[in-house]
Amino acid sequence: KDSGANLAICQWGFDDEANHLCLQNELPAVRWVGGPEIELIAIATGGRIVPRFSELTSDKLGHAGKVREIEFGTTKDRMLVIEDCKNTRAVTLFLRGSNTMIVQEAKRSIWDAMCVIRNLVRDNRIVYGGGSNEISCAIAVSEAADKIPSIEQYAMRAFADALESVPMALAENSGFAPFATLAEVKSRQIKENNPRLGIDCMDSGENDMKVQHVIETLIGKKQQIMLATQLVRMILKIDDVRSPGDEE
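Bear in mind that the values here come from a model prediction, so they are computed numbers and not experimental data. (Residues numbered from 1 in each chain as written. Predicted model: local features only at pLDDT ≥ 70, side-chain atom pairs only at ≥ 80, totals over all residues. Heavy atoms only, no water.)

Examining the pairing of strand β4 (residues 77-85)
Phase 1: Of the pairings in the sheet, the one linking strand β3 (residues 64-72) to β4 comprises eight bridges and is antiparallel in character. Within β4, the residue paired with I70 across the bridge is M79.
Phase 2: Connecting the antiparallel pair β3 and β4 is a turn made up of four residues, with G73 showing a positive phi of about 80°. (Pairing = 2+ DSSP bridges. Helix = DSSP H or I, 4+ residues; strand = E, 2+ residues; numbered from the N terminus.)

Re helix α3 (residues 100-122)
Phase 1: Over its 23 residues, α3 runs 33 Å from end to end, which matches the ideal 33 Å to within 8%, given 1.5 Å per residue.
Phase 2: N-cap assignment for α3: the residue whose side-chain oxygen lies 3.2 Å from the backbone N of M101 is N99. (Expected span 1.5 Å × (residues − 1). Polar contact = N/O pair within 3.5 Å; in protein donor to acceptor, adjacent residues only side chain to side chain.)

Here's the deal with the side chain of Q189
Phase 1: Within the element layout of this structure, Q189 appears in helix α7 (residues 178-192).
Phase 2: Here S132 takes part through its backbone oxygen, which lies 3.3 Å from a polar atom of the side chain of Q189.
Phase 3: Every residue in contact with Q189, bar those within four places of it in the chain, is listed here: S132, I135, S136, I139, N194, P195 and L197. (Contact = heavy atoms within 4.5 Å.)

As for the nonpolar core
As a rule of thumb, nonpolar side chains are buried together in soluble globular proteins.
Phase 1: In this structure, I135, I139, M168, A171, L182, V185, L197 and I199 together form the largest nonpolar core, which totals eight residues.
Phase 2: Those elements giving two or more residues to this core turn out to be α4 (132-145), α6 (165-173) and α7.
Phase 3: When near neighbours in sequence (up to four residues on either side) are disregarded, L182 contacts I135, E164, P167 and M168. (Core = buried A, V, L, I, M, F, W, Y, C linked by side-chain atoms within 4.5 Å. Buried < 20%, exposed > 50% of the residue type's maximum accessible area, 1.4 Å probe, protein only.)

Some words on the environment of E216
Phase 1: Within the element layout of this structure, E216 appears in strand β6 (residues 215-217).
Phase 2: Placed 18 residues apart in sequence, E216 and M234 show a C-alpha to C-alpha distance of 27 Å.
Phase 3: Each residue touching E216, except ones within four places of it in the same chain, is listed here: I126, V127, G129, N133, K221 and Q224.
Phase 4: Reaching out from E216, the side chain makes a polar contact with the side chain of K221 at a distance of 3.2 Å.

Some remarks on the pattern of salt bridges
Phase 1: Taken as a whole and judged by the stated rule, the model has 11 salt bridges.
Phase 2: Note that R68 is salt-bridged to E83, the shortest N-O span being 2.8 Å. On the criterion of sequence distance, the pair formed by R68 in strand β3 and E83 in strand β4 is long-range, its members being 15 residues apart.
Phase 3: The residue R157 makes a salt bridge to D146 at a minimum N-O spacing of 2.9 Å. Placement of R157 in helix α5 (residues 152-163) and of D146 in the loop between α4 and α5 is noted, with a sequence separation of 11 residues between them. (Salt bridge = Lys/Arg side-chain N within 4 Å of Asp/Glu carboxyl O.)

Observations regarding a nonpolar patch on the surface
Phase 1: On the surface, L231, M234, I235 and I238 cluster together into a nonpolar patch covering about 390 Å² of accessible area.
Phase 2: Secondary-structure assignment places L231 in helix α9 (residues 218-236). (Patch = residues over 30% accessible without salt bridge, like charges linked within 9 Å, V, L, I, M, F, W, Y side chains within 5 Å. Areas by Shrake-Rupley, 256 points an atom, 1.4 Å probe, with all protein chains shown as cover.)

Overview of α5
Phase 1: Relative to the 16 Å expected for 12 residues at 1.5 Å per residue, α5 spans 17 Å between its end C-alpha atoms, a close match to the ideal helical length.
Phase 2: All of the buried residues along α5 are Q153, A160 and L163. An end-on view of α5 places all buried positions within 75° of arc, on one side of the element. Exposed residues on α5 whose side chains face more than 90 degrees from its buried face are Y154, A155 and D161.
Phase 3: Buried residues along α5 sit in contact with α4, α6 and α9. (Arc of directions from axis to C-beta.)

Focus: unusual backbone geometry
Phase 1: Although it is not a glycine, D84 adopts a positive phi angle of roughly 55°.
Phase 2: With respect to the helices and strands, the residue D84 is situated in strand β4.
Phase 3: Here N193, not a glycine, exhibits a phi torsion of approximately 55°, which is positive.
Phase 4: Within the secondary structure layout, N193 lies in the loop between α7 and α8 (209-212).

A closer look at the state of the cysteines
Phase 1: Applying the stated rule across the entire model yields zero disulfides.
Phase 2: The cysteine C85 is free of any disulfide, with C10 supplying the nearest cysteine sulfur at 19 Å.
Phase 3: Taking the relative accessible area as the measure of exposure, C85 reaches 17% and is therefore buried.
Phase 4: Note on C137: no disulfide assigned, nearest cysteine sulfur contributed by C201 at a separation of 17 Å. (Disulfide = S-S within 2.5 Å.)

The analysis is restricted to geometry; functional conclusions fall outside its scope.
The following block contains the structure:
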């Protein structure tokens, strides 16, 4: 307490002597804090983790504006909240749901959103979604295949057909006729020279993904296409497929 500390947070428990000294000096303490949690608290408050009280100095202290305990739920669960920290960039997301499945689904959704932000930090270039980029790429690949005199043009056309499977799946999942919807959007892209036209999954009457604000990260889309291409190449390397019931 001579160092200026008014709250002690420990990863493990306190022995009887430590409990007596904290009580005698009117020093509040929190015990059994998990390792990752105590590291995040140190980052948020700007403090240093020390192995023993004797090594604690004023320059190793963290700073927070408010520390309070809240209760929630029908079971009166308790949680310690540390607010107004020195490092305001540290954020805690608290998820609640009626059952474990809903909480885990929300957790996965937030993780996906964080991955999108991470991709934008790495590369802030974007492409328009709704299958518009796959359709425009398929058109470009098909046009390039027409200029190839060798047999490789068939592989390029097959690649273009594979790209069109994404907007077809979007149209089918949205309740539209997949072939007719894809053919209409593809013809409009060629006619209007607008690569932003995609599948109107919400049936809003607008196929321009820029107007609908449907975007994807370029780095994410590149990874999807590259991984799918590598998987197909790996399968094509297999000369023969044998079933368990085949005779030797």
